[in-house]
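The lines below spell out each chain.
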Amino acid sequence: MARKRVAILISGRGSNMSALIGAAKAPDYPAEIVLVLSNRPDAGGLAVAQAEGIATAVVDHKQFGKDREAFERAVQAQLEAYRIDIVCLAGFMRILTPWIIGRWPDRMLNIHPALLPAFKGLHTHERALADGATEHGATVHVVVPEMDSGPIVAQGKVPVLPGDDAAALAARVLAVEHIIYPLALRLIADGRVRVAGACCTVDGPLSPGEAIYIPA
Ligand code: GAR
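Residues numbered from 1 in each chain as written. Predicted model: local features only at pLDDT ≥ 70, side-chain atom pairs only at ≥ 80, totals over all residues. Heavy atoms only, no water.

The subject of this paragraph is the pattern of salt bridges. Counted by the stated rule, this structure contains seven salt bridges. Notably, a salt bridge pairs R73 with E69, separated by 3.3 Å at the nearest N-O pair. Here R73 and its partner E69 are both found in helix α3 (residues 68-81), four residues apart, which amounts to about one turn of the helix. Classification of R73 by relative accessible area gives partly exposed; the value is 41%. Judged by relative accessible area, which is 33%, E69 ranks as partly exposed. (Salt bridge = Lys/Arg side-chain N within 4 Å of Asp/Glu carboxyl O. Helix = DSSP H or I, 4+ residues; strand = E, 2+ residues; numbered from the N terminus. Buried < 20%, exposed > 50% of the residue type's maximum accessible area, 1.4 Å probe, protein only.)

Moving on: the site of the ligand. Looking at the ligand, the residues that line it are R13, G14, S15, N16, G91, M93, I111, H112, P113, L174 and E177. Residue S15 places a side-chain N or O atom 2.5 Å away from an oxygen atom belonging to the ligand. Taking E177, its side chain carries an N or O atom lying 2.7 Å from an oxygen atom of the ligand. Notes on the ligand: free accessible area 450 Å², of which the protein chains cover 86%. For the shell around the ligand, the secondary-structure elements that each account for two or more residues are α1 (15-23), β5 (108-112) and α6 (166-189). (Near = heavy atom within 4 Å. Polar contact = N/O pair within 3.5 Å; in protein donor to acceptor, adjacent residues only side chain to side chain. Areas by Shrake-Rupley, 256 points an atom, 1.4 Å probe, with all protein chains shown as cover.)

Structural data, given as structure tokens:
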């Protein structure tokens, strides 16, 4: 089966992008990363992608003022030019409108640094600590118009340890993000994920590692 053509959208350093690029080097991985697009010209991940020989594009949201849809039309034009099948948001810090989300039904993924539906939005690690959470983690979900709310494809949990600050917790969660995003993209690209309303089901038996808990 032809490998699915994937674009990764970033705004920053792109460590999740790197995890996806690394996973896609495996000959049996069902997706290839053909484009990395950033809304910020200074995103560190752009140079990393270029060094990997991957095409990059910048669509600077500041050029579009308050016109979110004009920004998104420019992003969509790039995605179409590269004949993209699946879009992965990876630290892409722009809220997308229903206009572009509607063009990628069940084909746009996002990673969020919390165990959704807990801690939607920003500053998730600080909020988990302030709430006294004993477990925290990350979620890959299908993007729907409501922020951080789409059907969940994969989650990874970590414990919250005594003495954790937000940076320590973020680092523990990030390690899990780098495992679950390549896993979730594999499941989607293989066509094993069925989205039914608010839920996803996965066809076929789960391999070891597809349900993840990483202990301390
Ligand atoms: C990651 O922790 C990702 O989950 C988070 O930004 C970080 C990006 O890091 N995303 C969000 O907060 C989205 N709301 P990275 O650039 O190293 O992948």
